[in-house]
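Residue-level listing of the chains:
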Amino acid sequence: MGAAAPPAEAPLVLIGREGRRRVVLAQDAAARRAGLRVGMPAAKAQALVPGLIVKDAEPAADAGALDRLALWALQRYAPIAAADAPDGLVIDSTGAAHLHDGEDAMVRGMVDQLAASGVAARAALADSWGAAHALARYVARPAIVVPPGESSTAILDLPIAALRLPKTMAEDLSVLGFARIGELAAKPRAPLALRFGPELGRRLDQAFGRLGEPIDPVRPPDLIEVRRVFADPIGAAETIARTTGKLVAQLCEALEAKALGARRLDFLFHRVDNRIEAIRIGTASPVRDVKRLTRLLCDKIETIDPGFGIEIMRLAATLAEPLAPKQMISSLIEEPEADVSGLIDTLANRVGEQRLYRFAPVASDVPERSVCRVAPAAPDSGETWPDPWPNHWPRPSRLLPVPEPIATVALLPDHPPVSFTWRGVRRRVKCADGPERVFGEWWKRDAELIALRDYFRVEDAAGERFWIYRAGDGEDAATGSHRWFLHGIFG
C-alpha cells in the first residue's frame, strides 16, 4: 500500500464471510494486543476497539502475492519452492544451501531480505515440511535451524494446532485434554484413528518425517526448461550423466534461440516414490557452453539419491541473462584473453559463492574503508589502488580485521614508541618511520570531524615490521583516545 498504508500502531483487521457471517480472517499485532481474534464476528470487533481499521479480505490477491513470493524464493534460494497457503512458503533447500554459505546463513539472510522489503517473516529449517511449518509459526524466533535428526524432539512441546489439523478436530482434541504434540504422539494410534479418522495419524507422521510430503514447485510461465521422461525408471550414475549431457545440449539451444545465457540451473529428478531430488548450480556470468555446464552438473550427481528409480529429469534455467554471440578470433591475429570464469564456477559450486571474492579499491583515506570484497567476476568499478612509494606511504600486505590494542612506551607525541606489547609479547622497536596522519571522514559522521590517527611503520629487533597508530594527535583529547593500536603486518 506504500504511503497510503495505515500506521503500524493502528489496529487493523481483514473481514471476510464464513457462510452468512462476517468474521475476522486476519489481524495485525496491534489488533491482537487489543484482544481481537480470528473468527470473531466483525460487529463485535468494531464494538470492542473504537477506531478499528476494517478492510475486506482479498483471498485471490493474497494467493497471487504468495505465488510471486514463491517465485522470488525459487530464483534466489532453492530449486524447489511453493506457496504454503494461506501465509507461508515451503522451500526444499537440499542441494542449494552451499551456494549461500550454509543453512544458517541462508535462513537468516532470507529473513533479513524480506525485512528489508517491509515483510516481517519467521523461517525454520527442519527435516520435514510439517516440522518446519510448525516451528516457523509457533516459536517466537525469526530464524530457526534444527540440526538433522532433531526435528521430532523440537516439535514435542508445540501446541496441537501446529499439526495443520482442521479447526474442529483441534478443538475436539483440546476438549479431550490434549494440548501439546508430545502428549498426542505418546497415545496409542488406533483409538485416535477410530475417533478422528486417518488424517490425524497422517499429520503426525508428516511432522515427524515418517511419511513423505511432496512439494509441487512453482514454475514461472517464461521458464526455459527441458525434460526427459523414462518408460523404465533409471538409477545408474552413468545413465544419469549421459542424459544430463543431452538435456544440457537441448537447453543451450533454447537459450541461444533467445540470445540468453544461464546464470543459475536447477536440475530436478522425479523419483517413482513421488519424491524430488534437486541440484542447483550457479555461474559467475551468463553461460551456454554445453561442455562447461555438463561438467558442473555432473560434479553434483553423486549427491542424488535415485531411490527405487528416476522417472523424470527436468533441467531449467531459473536465472538467465542476455548473452550475445561471440565472434571467433584467429590466434594468428590476436591472442585470446585469459578466461578464469570456468574455474570460478567450479570453485563456487563446491565451496559456496559467498566464500569466493576478490579485493577492490575504495576511494577512502581510512585504511579499513579503502578496500572491499566483491564477486570474482564483478565488473571494474573504475577505482585504482594508490601509487606506490614514494608518491604514497606504503601499506601493509596484511591488514587486521579489527585494530588490536597494544601497550606502548612512547617519548613524545610526534615520536614512535620505544617498545610495544602485542598479544602478550613485548617487542623492542629497532627503527621506525612516520607519522602519517590520517583524518576522519567528516562528511560521513560528525564524530569524525576532528578525529585523526598517526600511523608509524616500525621494525622490531627480530626484523618483523608492523603498522601501528595512535588514536589522536597526542595532545588534544578531543582528537582521539591517545591509545595505541596495531593495524597491519608487512610481509
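Everything discussed here concerns the structure shown above.
Rules used throughout
- Residues numbered from 1 in each chain as written.
- Predicted model: local features only at pLDDT ≥ 70, side-chain atom pairs only at ≥ 80, totals over all residues.
- Heavy atoms only, no water.
- Helix = DSSP H or I, 4+ residues; strand = E, 2+ residues; numbered from the N terminus.
- Rg over C-alpha atoms; globule rule 2.2 N^0.38 Å.
- Buried < 20%, exposed > 50% of the residue type's maximum accessible area, 1.4 Å probe, protein only.
- Contact = heavy atoms within 4.5 Å.
- Areas by Shrake-Rupley, 256 points an atom, 1.4 Å probe, with all protein chains shown as cover.
- Patch = residues over 30% accessible without salt bridge, like charges linked within 9 Å, V, L, I, M, F, W, Y side chains within 5 Å.
- Salt bridge = Lys/Arg side-chain N within 4 Å of Asp/Glu carboxyl O.
- Lys, Arg positive; Asp, Glu negative; His and termini not counted.
- Charge placed at Lys NZ, Arg CZ, Asp CG, Glu CD.
- Polar contact = N/O pair within 3.5 Å; in protein donor to acceptor, adjacent residues only side chain to side chain.
- Axes fitted to C-alpha atoms, helices over the stretch in contact; angles between N-to-C directions.
- Parallel < 35°, antiparallel > 145°, perpendicular 65-115°, else oblique.
- Left-handed = near helix turned anticlockwise from the far one by under 90°.
- Phe/Tyr/Trp six-rings, centres within 6.5 Å; stacked < 30°, edge-to-face > 60°.
- Lys NZ or Arg CZ within 6 Å of the ring centre and 35° of its normal.

Colleague: How would you explain the overall build of the chain if you had to name every residue and give the values?
Modeller: A tally of helices and strands in the chain yields 13 helices and 19 strands. A compact globule built from 491 residues should have a C-alpha radius of gyration of about 23 Å, whereas the chain, at 30 Å, is more than 25% larger. The dimensions of the chain, computed from C-alpha atoms along their principal axes, are 90 × 70 × 45 Å. Going through the 491 residues of the chain one by one, you find that 39% of them count as buried. A separation threshold of at least 6 residues defines the contact pool for the chain, and within that pool the share at least 24 residues apart is 54%. Accessible area for the chain stands at about 28,000 Å²; split by element, carbon and sulfur atoms hold 54% of it.

Colleague: An account of a positive patch on the surface is requested, with residue identities and associated values reported.
Modeller: A cluster of basic residues, Arg32, Arg33, Arg37 and Arg122, forms a positive patch on the protein surface. Here arginine 37 shows up in the loop between helix 1 (29-33) and helix 2 (42-48). The class of arginine 37 is partly exposed, set by a relative accessible area of 44%.

Colleague: Describe a nonpolar patch on the surface, listing the residues and the values that go with them.
Modeller: Taken together, the side chains of Val340, Leu343, Leu347 and Val351 define a hydrophobic patch exposed on the protein surface, amounting to about 330 Å² of accessible area. Its location among the elements puts valine 351 in helix 13 (residues 341-351). The class of valine 351 is partly exposed, set by a relative accessible area of 38%.

Colleague: If you had to explain helix 12 (residues 290-298) to someone new, which residues and values would you point to?
Modeller: Helical periodicity: at 3.6 residues per turn, an α-helix aligns residues three or four positions apart in one direction. Within the sequence span of helix 12, burial applies to Arg292, Leu293, Thr294, Leu296 and Leu297. In this structure, the buried residues of helix 12 make contact with helix 11 (237-257), strand 9 (260-271), strand 10 (276-287), strand 11 (310-322) and helix 13. The N-capping residue of helix 12, defined by a side-chain oxygen 3.3 Å from the backbone nitrogen of lysine 291, is aspartate 289.

Colleague: So what about the packing of helix 3 (residues 59-76) against helix 4 (residues 103-116)? Which residues, and what values?
Modeller: Two elements in contact, helix 3 and helix 4, have axes whose closest approach is 13 Å; the angle formed by their N-to-C orientations is 135 degrees. By the criterion of interaxial angle, the relationship of helix 3 to helix 4 is oblique. In the crossing of helix 3 with helix 4, the sense of the turn from one axis to the other is right-handed. Contacts between helix 3 and helix 4 involve Leu69, Trp72 and Arg76 from the former and Met110, Gln113 and Leu114 from the latter.

Colleague: Go over the packing of aromatic side chains, please, and point to the residues and values.
Modeller: Going through the model one piece at a time under the given rule, you end up with 10 aromatic pairs. Measuring from centroid to centroid gives 5.9 Å for tryptophan 422 and phenylalanine 466, while their planes differ by 70 degrees, and the two rings are edge-to-face. With tryptophan 422 in strand 15 (residues 417-422) and phenylalanine 466 in strand 18 (residues 465-471), this residue pair connects regions lying 44 residues apart in the sequence. Of the residues examined, tryptophan 422 reaches a relative accessible area of 7% and is grouped as buried. Given a relative accessible area of 1%, phenylalanine 466 falls into the buried group. Put simply, the rings of Tyr455, Trp467, Tyr469 and Phe485 touch in pairs and so form one group of aromatic residues. Above the plane of the ring of tryptophan 129 lies arginine 164, whose end atom (NZ or CZ) is 5.5 Å from the centre. Geometry around tyrosine 469 places arginine 453 over its ring, the cationic atom sitting 4.6 Å from the centre.

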